[in-house]
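Summary of the model geometry
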Amino acid sequence: MSKIVSLKQAIAENLRDGDTVAMEGFTHLIPFAAGHEVIRQGRKRLTLIRMTPDIIYDQMIGVGCAERLVFSWGGNPGVGSLHRFRDAVERDWPVPLAIEEHSHADMAARYQAGASGLPFAVLRGYVGSDLPANNPRIKTVTCPFSGEVLAATPAINPDLTVIHAQKADRQGNVLIWGIVGIQKEAVLAAKRAVVTVEEIVDELDAPVNSCILPHWTVNAVCHVPGGAHPSYAHGYYGRDNAFCKAWDGIARERDGFRAWIDKHVLGSVDFAAFRRSIARG
Amino acid sequence: MSKIVSLKQAIAENLRDGDTVAMEGFTHLIPFAAGHEVIRQGRKRLTLIRMTPDIIYDQMIGVGCAERLVFSWGGNPGVGSLHRFRDAVERDWPVPLAIEEHSHADMAARYQAGASGLPFAVLRGYVGSDLPANNPRIKTVTCPFSGEVLAATPAINPDLTVIHAQKADRQGNVLIWGIVGIQKEAVLAAKRAVVTVEEIVDELDAPVNSCILPHWTVNAVCHVPGGAHPSYAHGYYGRDNAFCKAWDGIARERDGFRAWIDKHVLGSVDFAAFRRSIARG
Amino acid sequence: MAEPAYTPNEIMTVAAARLMSNATVCFVGIGLPSAAANLARLTHAPDIVLIYESGTIGAKPEVLPLSIGDGELAEYADTVVSVPEIFRYWLQGGRVTVGFLGAAQIDRFANINTTVIGPYAKPKTRLPGAGGAPEIAAAAGEVFIVLRQNPRAFVDKLDFVTSAGHLTGGDSRAKSGARGKGPTVVITDLGVLKPDPVSKELTLVGLHPGVTAEQAKAATGWKLKVAERLEITTPPSAQELAVLRDLHARTAKAHGQQVGEG
Amino acid sequence: MAEPAYTPNEIMTVAAARLMSNATVCFVGIGLPSAAANLARLTHAPDIVLIYESGTIGAKPEVLPLSIGDGELAEYADTVVSVPEIFRYWLQGGRVTVGFLGAAQIDRFANINTTVIGPYAKPKTRLPGAGGAPEIAAAAGEVFIVLRQNPRAFVDKLDFVTSAGHLTGGDSRAKSGARGKGPTVVITDLGVLKPDPVSKELTLVGLHPGVTAEQAKAATGWKLKVAERLEITTPPSAQELAVLRDLHARTAKAHGQQVGEG
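Residues numbered from 1 in each chain as written. Chains lettered and ligands numbered in written order. Predicted model: local features only at pLDDT ≥ 70, side-chain atom pairs only at ≥ 80, totals over all residues. Heavy atoms only, no water.

**What about the overall build of chain C?**
- Helix and strand counts for chain C stand at seven helices and 14 strands.
- By the compact-globule yardstick of 18 Å for 262 residues, chain C fits well, its C-alpha radius of gyration being 18 Å.
- Its C-alpha atoms give chain C principal-axis dimensions of roughly 50 × 50 × 35 Å.
- Of all 262 residues assigned to chain C, the portion counted as buried reaches 63%.
- Considering only contacts in chain C between residues 6 or more positions apart, those separated by 24 or more positions represent 66%. (Helix = DSSP H or I, 4+ residues; strand = E, 2+ residues; numbered from the N terminus. Rg over C-alpha atoms; globule rule 2.2 N^0.38 Å. Buried < 20%, exposed > 50% of the residue type's maximum accessible area, 1.4 Å probe, protein only. Contact = heavy atoms within 4.5 Å.)

**With respect to the overall build of chain A**
- Tallying secondary structure elements over chain A gives nine helices and twelve strands in all.
- By the compact-globule yardstick of 19 Å for 281 residues, chain A fits well, its C-alpha radius of gyration being 19 Å.
- Summarising its shape, the C-alpha atoms of chain A cover approximately 60 × 50 × 30 Å along the three principal directions.
- Considering only contacts within chain A whose residues lie at least 6 apart along the sequence, 72% involve residues at least 24 apart.

**Some remarks on the interface of chain A and chain B**
- Taken residue by residue, the interface counts 29 residues in chain A and 29 residues in chain B.
- Buried area between chain A and chain B, both sides added, is near 2,100 Å², and the carbon and sulfur share of it is 74%.
- Its largest share of buried area at the contact with chain B, chain A owes to Phe120(A), Phe145(A) and Asn209(A), together 29% of the area lost on that side.
- Here chain A is connected to chain B by zero salt bridges.
- At the junction of chain A with chain B, the criterion picks out six residue pairs in polar contact (both at pLDDT 80 or more).
- Tallied by class, the residues present in the side of chain A that touches chain B amount to 18 nonpolar, seven polar and four charged. (Buried area = accessible area lost by both parts, 1.4 Å probe. Salt bridge = Lys/Arg side-chain N within 4 Å of Asp/Glu carboxyl O. Polar contact = N/O pair within 3.5 Å; in protein donor to acceptor, adjacent residues only side chain to side chain. Nonpolar A, V, L, I, M, F, W, Y, C, P; charged D, E, K, R; others polar.)

**Concerning the sheet that holds strand β6 (residues 139-142) of chain B**
Residues and elements named next belong to chain B.
- Read from one edge of the open sheet, three strands run β5-β7-β6, paired in antiparallel fashion. A strand with exactly one partner marks an edge of an open sheet, and here the two such strands are β5 (120-123) and β6. Adjacent strand axes in the sheet meet at a mean angle of 40°, parallel and antiparallel pairs treated alike.
- Sheet topology note: the β5/strand β7 (residues 149-154) ladder contains four bridges and is antiparallel. Its bridge partner being in β7, Ala121 is matched across the sheet by Thr153. (Pairing = 2+ DSSP bridges. Axes fitted to C-alpha atoms, helices over the stretch in contact; angles between N-to-C directions.)

**Re the relation of the copies chain A and chain B**
- For the match of chain A to chain B, the screw axis carries a shift of 0.0 Å, the RMSD comes to 0.0 Å, and the turn is 180°. Here the symmetry operator amounts to a two-fold rotation axis. (Least-squares fit on C-alpha atoms with pLDDT ≥ 70 in both.)

**Concerning the interface of chain A and chain D**
- At the interface, 51 residues of chain A touch 50 residues of chain D.
- Here chain A and chain D share an interface that buries about 4,100 Å² over both sides, 57% of which is from carbon and sulfur atoms.
- It is Arg124(A), Val127(A) and Ile179(A) that lose the most area in chain A upon contact with chain D, and together they represent 15% of the buried surface on that side.
- For the pair chain A and chain D, the interface holds three salt bridges.
- Asp92(A) is paired through a salt bridge with Lys122(D); the nearest N and O atoms lie 3.6 Å apart.

**A look at the packing of aromatic side chains**
All names here are of chain A.
- All chains considered together, the criterion is met by 26 aromatic pairs over all chains.
- Note on Phe271 and Phe274: the rings are 5.3 Å apart at their centroids and 25° apart in plane angle, and the pair reads as stacked. Highlighted residues: Phe271 and Phe274, both in helix α9 (residues 271-280), separated by three residues, approximately one helical turn.
- Taking the relative accessible area as the measure of exposure, Phe271 reaches 4% and is therefore buried.
- Residue Phe274 is classed as buried on the basis of its relative accessible area of 2%.
- By way of ring pairs, the aromatic residues Phe243, Trp247, Phe257, Trp260, Phe271 and Phe274 are connected into one cluster.
- Sitting above the plane of the Phe257 ring, Arg84 keeps its charged end 5.7 Å from the centroid. (Phe/Tyr/Trp six-rings, centres within 6.5 Å; stacked < 30°, edge-to-face > 60°. Lys NZ or Arg CZ within 6 Å of the ring centre and 35° of its normal.)

**Side note on helix α7 (residues 241-252) of chain B**
- Compared with an ideal rise of 1.5 Å per residue, which puts twelve residues at 16 Å, α7(B) spans 17 Å between its outermost C-alpha atoms and is within 8% of the ideal.
- All of the buried residues in α7(B) are Asn241(B), Phe243(B), Cys244(B), Trp247(B), Asp248(B), Ile250(B) and Ala251(B).
- Structurally, α7(B) contributes buried residues whose contacts are with α3 (55-62), α4 (83-91), α8 (254-266) and α9 (271-280) of chain B together with α7 (238-256) of chain C. (Expected span 1.5 Å × (residues − 1).)

**Topic: helix α1 (residues 8-17) of chain D**
Residue and element names in this part refer to chain D.
- With respect to burial, α1 is a largely interior element, eight of its ten residues being buried.
- Listed in full, the buried residues belonging to α1 are Glu10, Ile11, Met12, Thr13, Val14, Ala15, Ala16 and Ala17.
- Buried residues in α1 make contact with α2 (32-42), β5 (98-101), β10 (142-146), β11 (183-187) and α7 (238-256).

**So, the nonpolar core**
- Core analysis: the biggest nonpolar cluster contains 116 residues, and Ile176(B), Ile51(D) and Phe100(D) have the highest contact counts within it.
- It is helix α4 (residues 83-92) of chain D that provides the largest number of residues to this core, a total of six residues.
- Counting residues in each nonpolar core, the second largest holds 111 residues, with Val174(A), Leu213(A), Val70(B) and Leu244(C) among its members. (Core = buried A, V, L, I, M, F, W, Y, C linked by side-chain atoms within 4.5 Å.)

**Side note on the pairing of strand β11 (residues 183-187) of chain C**
All names here are of chain C.
- Burial within β11 is extensive, with four of its five residues counted as buried.
- Sheet analysis places strand β10 (residues 142-146) next to β11, joined by four bridges and oriented parallel. Residue Val146 lies in a different strand from β11, and its bridge partner there is Ile187.
- With two bridges joining them, β11 and strand β12 (residues 191-195) adopt antiparallel strand pairing. When the bridges of β12 are listed, Val186 appears paired with Leu193.
- A loop of three residues connects β11 with β12, the two strands running antiparallel in sequence.

**A short note on unusual backbone geometry**
- Look at the link from Trp93(B) to Pro94(B): it is a cis peptide, with omega at 0°.
- If you trace the backbone, Pro94(B) turns up in the loop between α4 and β4 (98-101).
- Going from His229(B) to Pro230(B), the amide bond is cis rather than trans, its omega being 10°.
- Its identity as a non-glycine residue notwithstanding, Thr27(A) has a phi of 70°, on the positive side.

**Examining the sheet that holds strand β14 (residues 225-232) of chain D**
Residue and element names in this part refer to chain D.
- Strand order in this open sheet of ten strands is β4-β3-β2-β1-β5-β10-β11-β12-β13-β14, and the pairing throughout is mixed. In the strand order of this sheet, the two ends are held by β4 (79-80) and β14, each with one partner.
- Of the pairings in the sheet, the one linking strand β13 (residues 202-207) to β14 comprises four bridges and is parallel in character. By the bridge assignment for β14, Leu207 is matched with Ile232.
- Where α2 meets the sheet, it contacts β1 (25-28), β2 (49-52), β5 and β10, and its direction lies at approximately 155° from that of β2.
- Packing of α4 onto the sheet brings it into contact with β1, β2 and β3 (56-57), and relative to β1 it is tilted by some 140°.

**Concerning the packing of helix α1 (residues 8-17) of chain C against α7(C)**
Residue and element names in this part refer to chain C.
- Where α1 contacts α7, the axes come no closer than 11 Å and their chain directions differ by 105°. The angle between the axes of α1 and α7 places the two elements in the roughly perpendicular class. Of the residues in α7, those touching α1 at Glu10, Thr13 and Val14 are Glu240, Leu241, Leu244 and Arg245. (Parallel < 35°, antiparallel > 145°, perpendicular 65-115°, else oblique.)

**Brief notes about the pattern of salt bridges**
- Taken as a whole and assessed by the stated rule, the structure comprises 59 salt bridges over all chains.
- Of the charged contacts, one joins Lys191(B) and Asp159(B) as a salt bridge, the two residues approaching to 3.3 Å between their closest N and O atoms. You can see Lys191(B) sitting in the loop between α6 (183-189) and β10 (192-201) and its partner Asp159(B) sitting in the loop between β7 and β8 (160-169), a full 32 residues away along the chain.
- For Lys217(D), the salt bridge identified is with Glu214(D), shortest N-O distance 3.7 Å. You can see Lys217(D) and its partner Glu214(D) sitting in helix α6 (residues 213-218), three residues apart, about one turn around the helix.
- Exposure remark for Glu214(D): the relative accessible area of 53% places this residue in the exposed category.
- Residues joined by salt bridges that share partners form a network here, namely Arg84(A), Arg86(A), Asp87(A), Glu90(A), Arg91(A) and Arg254(A).

From the geometry alone we can't say anything about function, so treat these as descriptive.
Following this line, the structure appears as structure tokens:
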């Protein structure tokens, strides 16, 4: 009963229409391959959670996978806006996208609360900000010792978290290093977890205090080399800035976007085929 | 203006009578040398904080350094009771010792809150326990979303935290590995921090996601090889179980304890001299 | 083959070890629980995940740790995290299937005292205190308790409730906000006790070979309920005993010297 | 030696960099703040500690990161921690002396909007959102803001307050529960603004060489207060310009290709 399965199987078994799903990665190790598989399997009405939604969420929103986005910063880092995200928010295309908006510190605290089995997180947050007035999920709590009033927000416990990592061993133990972001918390907060990895090895050879997700915390591990492209995998490959810049043009108009998705994502059987498809242009 | 100073100077400059001090270490890397220096400098009326007070706190309590102990488990691990601690609690010798008692999960959460700039910590704690009824610093807080009632306890922010670590570089950046315990949080929660280390090196050669305390988070770094003896330093030396067992006899009677302290601790100019003194017997 | 001879401690440890499976994620207390959990790992449950509160996850000690933070635990662990993380993400986060505890005193509802004998403000005997136990008892999927049975340990009324078992019995635990099932079994040197399904009062359900129900009653500070059918523990196998004695021998040898070196 | 020629962006970056010292622990926003903070590190403040919200502490990037989580930041950092830790222990914990932010819009009290243009429920333009800014603005010892000055950015009324500056001025920030001093200086491509000590309204206190107060007023969407004495920015030195241009050249070269490889 190996945990190591195909990405197709992992998504089919762990994600249903209407689920709440976090596909996390903080610039580093973004699970692009998994996002494409979600698009290919045609999931709908998802609530997408991510601190920093970028190109892969732009794609999923653009094809209509999502009805809601929970986030704290949305953009194409270093490039500009996410056109599909803006089109959904500003003009309801292809379907309306409700948004629930927090700050980074809050989202991080919410994942921590979720991983910690707590119903809410406490932070010194949002002082003077208009965000709480526009988000009923930002409340306050009073310190029973000092009387200070602090921000309180509900724990995040996704139905599914998907991340990309560098290595797993054959049992399915996962090692992440470099910018580890919020991935460990996102996995531990989730009901189910799928991890794509650059390589599967006999021994992780991890330093003693590394960021490890033991096999019994994840439901499926999928071997998808390059699965974070166009983001990067520390120790494996750098970010494809050219693609990130090109995305701005691809996503700007609805027709061009749809044609690109049809040709490269839906027209490819898996991520390796997608990579060959975009290489051909 | 080097941070690297003698332990004598570090304690003299950073600890005053009446201070609240945490000397942390979770079996591993217990700052014994620093505790002896506090005894030698004759500090009084301290509030001692530690999750797992053991032999070094037994010594500090036995000589009358402390008026209060904040803790969650007190004992000589694998050996038995702390006789000086019990004598102080049960019979007020040499001075009365007030105790403030929590659980490990709570103490860890309190240090985290302290390091996080929060006034209190929230945990699912103490269900059905008599501890809250005996400790006014354990209260409750209600989740503003679910209505659940959870335990709330005040942040710990010691005047001084002292830890022992494996390595520092010449700037005073500190690296800890193995069982890292609560040391990072204890340092970051404190107003001032002193770190004793096994060695001072040109380069830390730390893995990217190591437990590091940057030099600007500590006030003094002291080179004290063997400074965790009789506890252990992963990668350097093992625990001296013979000493831990012998302590039970040394500490059992007041006179024997005092004679031992006078001869070996007060009779030694520093920890290296102490080590030679106990080796002579 | 003749049955091997064994001590009461040995059969207690073996019986406790047998409760563990390869799917168990066990938050291990030091002492008897640690011996039993490691015996399970070295016999029928090689894939058991042992978590110690010092932050070691998937610990595989060669010898039994003398303390909860021995270097031995870190050396062969799958990963070592900080103490706040072990309590937040792993225990409170609901990842632990079995909390394995010892106790100084226990009552008929499997509540545990590790704090004081006598009044809290002026104790007759000051015990080590709570450690991780209150939250292990509340958050683990279920709790196994192992301790020697005698009237000083099995008391009619605890001087102090450190960690919740079934509180005042019946549905009192379910109503308390504790998430796990609480203590489901108590293993002693005499036999096995389990909470009654309804009243939650500990009931003698098993005896080790050669022990009588009368002996168990005499070792209990309250009027011990006894099940109609008492299961007799299968004696330790030669292999179980050999592995356990080997483990203890290695441990004694190692702890005579320094331990923990990395 | 003739004064070197420089662009408005360059003098803005140089002027911002000069605010940093070797004792600064700077929580760095991406873009202009990152360029200025790294220029400081590569010139007069080699020991400055740069923290990026991706978890990199003591980052020493060879080229400017395109994003807040470039591998470049991790590669030469003193340590890399998780995102929750960077916000909890390092920012909220009060370890950051300077929060260095950009902005889409700013008002006279240095409040910042990075959320929407137009109504929140039906925005004309959806901006990226808050990111780390609300808590950086509240928790850092003080806040430096760098952005280009024009009437679309310097507005009379923000469509949305994402991150607090001096709120409604006067003592409103002090009463708000924010712990840091808030914005103490705004550097633009035209000059330097600081909050009035009492009213907290941003006041033009400095101009870059060749820029007039009238130009600054015209670039501001409210009636800009101007200090009696205006300091003229010392032009960028040849060394400052050389280092900055080198940095930008290295960055452009690197980002034309893949970045982040470890």
